[in-house]
Amino acid sequence: MTAALRFDPIRLPPECEQLRKEVRAFLAEEIAAGTFDPHKPNREDTDAPEFSRRVGAKGWLGMTWPKKYGGQERSFLERYVVTEEMRVANAPTRRFFVADRQSGPVLLKYAPEHIKMEILPRICRGELCFAIGMSEPNSGSDLFAAKTRATKTDGGYLINGTKIWTSSAHIADYMIAIFRTSPPTKENRRHGLTQFLVKMKQPGIKVNPIGQITGQYEFNEVVFTDYFIPDDHVLGEVDGAWKQATSELAYERSGPERFLETYYVLTELVRAVGSDPDTRSAEGIGRLVAQLHTMRRMSVSVAGMLQAGKEPVVEASIVKDIGTVWEQQLPHRVRDLAAFVEETATNRETLERQLDFAIKTAPKLTIQGGTTEVLRGIIARGLGLR
Amino acid sequence: MAESDNIVVETAEKIFADLADPQTINNDKKDAWKTPLWQALSEAGLPLSWVPEDLGGSGASLADGFALLNAAGRFAIAVPLAETMLAGWLLAQAKIASPDGEMTVVPASPKDRITLNADGSLSGRARGVPFAKAAKHFAVLVHGKDGVSIALVDAAKVRIEAGLNVGYDHSDAVTLDNVDPVTIKPAPNAFDQITLMLIGGVARSLQIAGALESMLDISVRYSNERVAFEKKISKFQAVQHNLARLAGESAAALAAATSAADAVANAKAFDDEVYLEAASAKIRCAEAAEKGGSIAHQVHGAIGFTMEHILHRYSLRALAWRDDFGSESHWAVELGRLVASRGADELWPLVASR
Ligand SMILES: Cc1cc2nc3c(=O)[nH]c(=O)nc-3n(C[C@H](O)[C@H](O)[C@H](O)COP(=O)(O)OP(=O)(O)OC[C@H]3O[C@@H](n4cnc5c(N)ncnc54)[C@H](O)[C@@H]3O)c2cc1C
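Residues numbered from 1 in each chain as written. Chains lettered and ligands numbered in written order. Predicted model: local features only at pLDDT ≥ 70, side-chain atom pairs only at ≥ 80, totals over all residues. Heavy atoms only, no water.

Draft legend 1. Examining the overall build of chain A more closely. When helices and strands are counted, chain A shows 11 helices and 8 strands. By the compact-globule yardstick of 21 Å for 386 residues, chain A fits well, its C-alpha radius of gyration being 21 Å. The principal-axis extents of the C-alpha atoms in chain A amount to approximately 70 × 55 × 40 Å. Here chain A, with 386 residues, has 57% of them falling under the buried criterion. (Helix = DSSP H or I, 4+ residues; strand = E, 2+ residues; numbered from the N terminus. Rg over C-alpha atoms; globule rule 2.2 N^0.38 Å. Buried < 20%, exposed > 50% of the residue type's maximum accessible area, 1.4 Å probe, protein only.)

Below is the structure:
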């Protein structure tokens, strides 16, 4: 067999079901208290710092991390349940999600002890927002073309250059970024990049908001001018960030957030068609549910692989490829079916408003976190084609 | 082919490799391979895997039997192994012992119905019954005044109009005209035609997933051999991306099918959650058969369109299996209705229950 792609039918253990109930109850209280409206995905989450703190107080941030850093030493599968319940409820997670999913694990692996002790507990308490500084104006898919320089100086580095598409940079406390510390070598064009912990809201950084076609502001241009980073904020190996960055991306690619971003339109369609749909609507909904169920089973399976200490790079790429293509098509398929919804459906306006937003959201889904083309390249490599 | 740590699957794979090599079979125009293959499978007790020992079978678990069907799909096995397994399983539900030889189940579509007459005989017509022409006995699900029964019927007493499915396997119309069954017994509580269709659908899903694994395998190998424009075609990015998508479809089919098999094997009752799993598997695997199969053919170019090449053994069979025990359109409508009747706010809890 060329590639033994196995997706074992992992079932979530009983502790996950208990946890799921707790998360649902918590979210129901937050909704009742007016923190957010689950039917309104199109808001900006910059205004939910208190929500982050309450999620932290529940012990739902840094769940899998060691207790000495404020974590709970719980399983990946438990974290999975929290992530999907938040996502499905359209909860305002923007402030804490990147730190929880990605930045915290990077710090755990590569930061010096005193930085871990200082920062990780604060992430767990929901006090900190992180941004990811990988992309640059001429370096997106081709990460190794990054040019923003980190020049060695007394006690640290001076940064000059520009990061772009940086989500949440305008509200972030920290960014984990890669900068060029040496030129690439002839043998290895990936050489010469180093990962840094960057403190935002300091002199030498300017964050310029960039509008998105959805009408929202979520990502930014970040310009560095002689910005100083102390030596102890270097993460991992100098000139060796490429290894670190690629393993970080495996976490970014396998979770339930990779097929649930436009999910809300499906629920709203089911509401609109009522309990006794016509054949065409029933068939359309049935197919979408079967596809969703399949993807979720694949994604849970990958979470099980992570829990077992494996590195399912190809499997995660497959889930992200199929998942994002699906969540991109979903609003369009729902729109097809919504054409037959009765004028009298009570949630017709909500459905139309949501579709409007989801259709505008859709184009980005197969770009953020690695484009479809790049993912298929990774899968092809896994199949032994490159 | 794929490794296995399951003794039933290991035994089967050894037999398949020895007696059902797709290339050998494809070259053999007279079907001479069928008899030794069936004999070997029968001697190993595989066709009656799902029949308890006291009813004449080998008493394997549902899970092991499903894994066996996945392996059968990887070899695109064209003898009524799945059908005999299903028939034996159905008979066992009513504690009816299984006879020797090939069997199949009637009906094989959710739309067809066999009814019990007042005099105890059976009547009705079922279309698209896989391998009916090869079967010596039928396991028949019967609707009567007092509910559902399960019957063993002698094939000689039944009218068969032979047909072929898209994959060139027998798929026949079966007419029962006041036929007296060999045995008939009531089905267990809550057992109905939908249960049979769901189990049959899961069996087909595993076969489709297996066929897709093999299609991926031979497509990747072919792309690493075939040279065009002075390069292996595997070096063209467009070809790589097609194969990556085929890998995705194959993975999705396998994930859906094995998850459904696991759900059915561990089910206490056929509740909504098991229904979601089984129906989804049939829908998603059928979609994968269409998308994945067309990519496998694209990668192979004209050679894959010939009878001489083995690709069609997998691709056409996977397409044909979509039609048995309810097509994806049928299950999509049913699943959509189930979701709608539970209401919008119950959709996520249903999906997340698995
Ligand atoms: C909403 C959103 C949020 C984002 N947030 C962040 C963030 O927080 N931090 C961050 O660092 N980045 C972020 N990004 C950037 C994202 O990671 C990049 O957009 C992505 O990696 C693609 O890079 P690019 O936009 O430069 O496109 P390009 O790399 O220029 O690609 C353009 C097209 O060419 C194709 N292409 C490029 N190279 C190849 C190849 N080798 N083979 C085949 N096709 C190729 C691509 O697939 C794509 O279709 C975000 C992007 C979006 C849309």
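Having seen the model, we can carry on.
Draft legend 2. Just a positive patch on the surface, in detail. A cluster of basic residues, Arg190, Arg381 and Arg386 of chain A together with Lys232 and Lys235 of chain B, forms a positive patch on the protein surface. Positionally, Lys235 of chain B belongs in the loop between strand E10 (231-232) and helix H7 (237-265). The class of Lys235 of chain B is partly exposed, set by a relative accessible area of 39%. (Patch = residues over 30% accessible without salt bridge, like charges linked within 9 Å, V, L, I, M, F, W, Y side chains within 5 Å. Areas by Shrake-Rupley, 256 points an atom, 1.4 Å probe, with all protein chains shown as cover. Salt bridge = Lys/Arg side-chain N within 4 Å of Asp/Glu carboxyl O. Lys, Arg positive; Asp, Glu negative; His and termini not counted. Charge placed at Lys NZ, Arg CZ, Asp CG, Glu CD.)

Draft legend 3. Focus on the site of the ligand. The ligand sits among 15 residues. The nearest are Ile132, Ser135, Ser141, Trp165 and Thr371 of chain A. The ligand sits at a junction of chains, with neighbouring residues supplied by chains A and B. In the environment of the ligand, a nitrogen atom lies 2.9 Å from a nitrogen or oxygen atom belonging to the backbone of Trp165 of chain A. Within the side chain of Ser167 of chain A, an N or O atom sits 2.8 Å from a nitrogen atom of the ligand. Burial of the ligand by the protein chains amounts to 65% of its free accessible area of 970 Å². Here the residues of the shell around the ligand are counted per class, giving 5 nonpolar, 8 polar and 2 charged. (Near = heavy atom within 4 Å. Polar contact = N/O pair within 3.5 Å; in protein donor to acceptor, adjacent residues only side chain to side chain. Nonpolar A, V, L, I, M, F, W, Y, C, P; charged D, E, K, R; others polar.)

Draft legend 4. The layout of surface pockets, seen in detail. Empty space within the second largest pocket amounts to approximately 590 Å³. Along the wall of the second largest pocket there are 27 residues; nearest its centre are Gln291, Trp326 and Gln329 of chain A together with Glu287 and Lys291 of chain B. Counting residues per element, the ones that place at least two in the lining of the second largest pocket are helix H8 (279-307) and helix H9 (313-338) of chain A together with H7 and helix H8 (272-300) of chain B. Looking at side-chain class alone, the lining of the second largest pocket contains 10 nonpolar, 5 polar and 12 charged residues. (1 Å grid on protein atoms, 1.4 Å probe; cavity = no way out; pocket = protein on both sides within 12 Å on 5 of 7 lines; lining within 4 Å. Points joined across faces, edges and corners; volume = space filled by probe spheres on them.)

Draft legend 5. Region of the structure containing empty space enclosed by the protein. Residue and element names in this part refer to chain B. What the rule picks out here adds up to 3 cavities of 30 Å³ or more. Estimates place the volume of the second largest cavity at around 50 Å³. In terms of lining residues, the second largest cavity is bounded by Glu83, Pro130, Phe131, Asn165, Asp169, His170, Ser171, Arg204, Trp321 and Asp324. Here the lining of the second largest cavity is built from residues that sort into 3 nonpolar, 3 polar and 4 charged.

Draft legend 6. Seen up close, the interface of chain B and chain A. Each partner contributes to the interface: chain B provides 55 residues, whereas chain A provides 48 residues. Together chain B and chain A conceal approximately 4,600 Å² of surface at their shared face, both sides included; 65% is due to carbon and sulfur atoms. The largest share of the area that chain B buries against chain A comes from Ala344, Trp348 and Arg354 of chain B, three residues that together contribute 14% of it. The partner of Arg11 of chain A in a salt bridge is Asp262 of chain B, with the nearest N and O atoms 2.9 Å apart. (Contact = heavy atoms within 4.5 Å. Buried area = accessible area lost by both parts, 1.4 Å probe.)

Draft legend 7. The arrangement of the packing of H8 of chain A against H8 of chain B in detail. Packing of H8 of chain A against H8 of chain B brings their axes to within 8 Å, and their N-to-C directions diverge by 95°. As the angle between them shows, H8 of chain A and H8 of chain B are arranged roughly perpendicular. Of the residues in H8 of chain B, those touching H8 of chain A at Gly286, Arg287, Val289, Ala290, Gln291, His293, Thr294 and Arg297 of chain A are Leu276, Glu277, Ser280, Ile283, Arg284 and Glu287 of chain B. A per-class count over the contact of H8 of chain A with H8 of chain B returns 4 nonpolar, 5 polar and 5 charged. (Axes fitted to C-alpha atoms, helices over the stretch in contact; angles between N-to-C directions. Parallel < 35°, antiparallel > 145°, perpendicular 65-115°, else oblique.)

Draft legend 8. Highlighting the packing of aromatic side chains. All names here are of chain A. Within this structure, the stated rule accounts for 16 aromatic pairs over all chains. A ring pair is formed by Phe130 and Tyr174, whose centres lie 5.4 Å apart and whose planes are at 20°; its orientation type is stacked. Placement of Phe130 in strand E1 (residues 130-133) and of Tyr174 in strand E4 (residues 174-180) is noted, with a sequence separation of 44 residues between them. Under the relative-accessibility criterion, Tyr174 is labelled buried at 3%. (Phe/Tyr/Trp six-rings, centres within 6.5 Å; stacked < 30°, edge-to-face > 60°.)

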